[in-house]
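# Examination of the molecular architecture
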Amino acid sequence: MLKGKNAVVTGSTSGIGLGIARELAKAGANVVINGFGETAAIEKERAGIEREFGVKAIYSPADMTKPAEIAAMIKTAETTLGSCDVLVNNAGIQYVAPIEEFPIEKWDQIIAINLSAAFHAMRAAVPGMKARKWGRIISTASAHSLVASPFKAAYVTAKHGLAGLTKTVALETATHGITVNCISPGYVWTPLVAKQIPEQMKARHMTEEQVKNDVLLAAQPTKEFVTVEQVASLALYLTSDAASSITGANFSIDGGWTAA
Ligand code: NAD
């Protein structure tokens, strides 16, 4: 389905991004993977994608807080692979604290990685997509692009912003064969969620089990974590020709969370 197409997936050394990169590669796309981690582990994933799916996979260490590195990553896709046809803005971090204790540097970092990075990547990728009259931009937003939770000021703000950015760029590119959408998962069991459990325990004075059941899954009517595979298959669908009329949309995949 994506044979001959090239995809850049930010924050794809782990969790949802890695799942999406693998799903796009499985469908035939060459991929640029990006994110932090141990060199050997990243190389194992990169080489594994090439071997398993018979595509090219390259690694970009671009730091999503650095606009010049983001632009260079898109350029690398265009020069090394030939184009950036699919852009998945997925890199994201979380920090949980009450507003009056929220560290200023965490606010700045979350806005940079979870929101501004998508702006810089779209800004760099859209000219090539327009020239080729085809493009797919998908951003991993969150249920927190639609509703709020306490103690997540920066994350909720960034994700609401990402949903707005998605709609704006969708309107600007609508006649150019480009679609721009976001996916808004509820709680997906990934390192990002596992990592926030101690912070939630501290902020809410709760045990680990209480945080899992009474805080995280309390919001999710299905009482089950969303899986990485479910998010990745929705992303793949959004790259398909069948989805060419879907643009500016925000897809909830949250076990009913935002229906409440
Ligand atoms: P994760 O921690 O497993 O992965 C995050 C990825 O982003 C990693 O590859 C990491 O190296 C990368 N990253 C972090 N900072 C970076 C930087 N400065 N530059 C480049 N890469 C950087 O997290 P995840 O749960 O897979 O989250 C992926 C996305 O999904 C995030 O945007 C997150 O907000 C969103 N999301 C996650 C959930 C969930 O429940 N896990 C729910 C809704 C939305």
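Structure first, text after, so check above.
Residues numbered from 1 in each chain as written. Predicted model: local features only at pLDDT ≥ 70, side-chain atom pairs only at ≥ 80, totals over all residues. Heavy atoms only, no water.

Our focus in this paragraph is the pairing of strand 3 (residues 57-60). In this structure, strand 2 (residues 30-34) lies alongside strand 3, joined through four bridges in parallel fashion. The residue bridging V31 from the neighbouring strand is A57, located in strand 3. For the segment spanning strand 2, helix 2 (residues 39-53) and strand 3, crossover handedness is right-handed. (Pairing = 2+ DSSP bridges. Helix = DSSP H or I, 4+ residues; strand = E, 2+ residues; numbered from the N terminus. Right-handed = clockwise from strand over helix to strand, strands pointing away.)

The environment of the ligand is formed by 30 residues, the closest being T13, S14, Y155, V188 and T190. In the model, an oxygen atom of the ligand is placed 2.8 Å from a nitrogen or oxygen of the I16 main chain. Taking V188, its main chain carries an N or O atom lying 2.6 Å from an oxygen atom of the ligand. Expressed as a share of its isolated accessible area of 830 Å², the protein-covered part of the ligand is 93%. Breaking the shell around the ligand down by element, the ones donating at least two residues are helix 1 (15-26), helix 5 (153-173) and helix 6 (191-204). Of the residues forming the shell around the ligand, the biggest block, three residues, is contributed by helix 6. The class makeup of the residues in the shell around the ligand is 15 nonpolar, 13 polar and two charged. (Near = heavy atom within 4 Å. Polar contact = N/O pair within 3.5 Å; in protein donor to acceptor, adjacent residues only side chain to side chain. Areas by Shrake-Rupley, 256 points an atom, 1.4 Å probe, with all protein chains shown as cover. Nonpolar A, V, L, I, M, F, W, Y, C, P; charged D, E, K, R; others polar.)

Our next topic: the pattern of salt bridges. Evaluated as defined, the whole model comprises seven salt bridges. K212 is the partner of E208 in a salt bridge, and the nearest nitrogen-oxygen pair spans 3.9 Å. Pair noted here: E208 and K212 are both in helix 7 (residues 208-216), with a separation of four residues, about one helical turn. You can call E208 partly exposed: its relative accessible area is 40%. (Salt bridge = Lys/Arg side-chain N within 4 Å of Asp/Glu carboxyl O. Buried < 20%, exposed > 50% of the residue type's maximum accessible area, 1.4 Å probe, protein only.)

Across the sheet, seven strands lie side by side as 3-2-1-4-5-6-7; this open sheet has parallel pairing. In this open sheet, the two strands that pair with only one neighbour each are strand 3 and strand 7 (250-253). Averaged over neighbouring strand pairs, the angle between their axes works out to 20° when direction is ignored. The pairing of strand 1 (residues 6-9) with strand 2 spans four bridges and is parallel. When the bridges of strand 2 are listed, V8 appears paired with V32. Across the sheet, helix 4 (residues 104-132) is in contact with strand 4 (86-89), strand 5 (135-140) and strand 6 (178-185); its angle to strand 4 comes to roughly 175°. (Axes fitted to C-alpha atoms, helices over the stretch in contact; angles between N-to-C directions. Contact = heavy atoms within 4.5 Å.)

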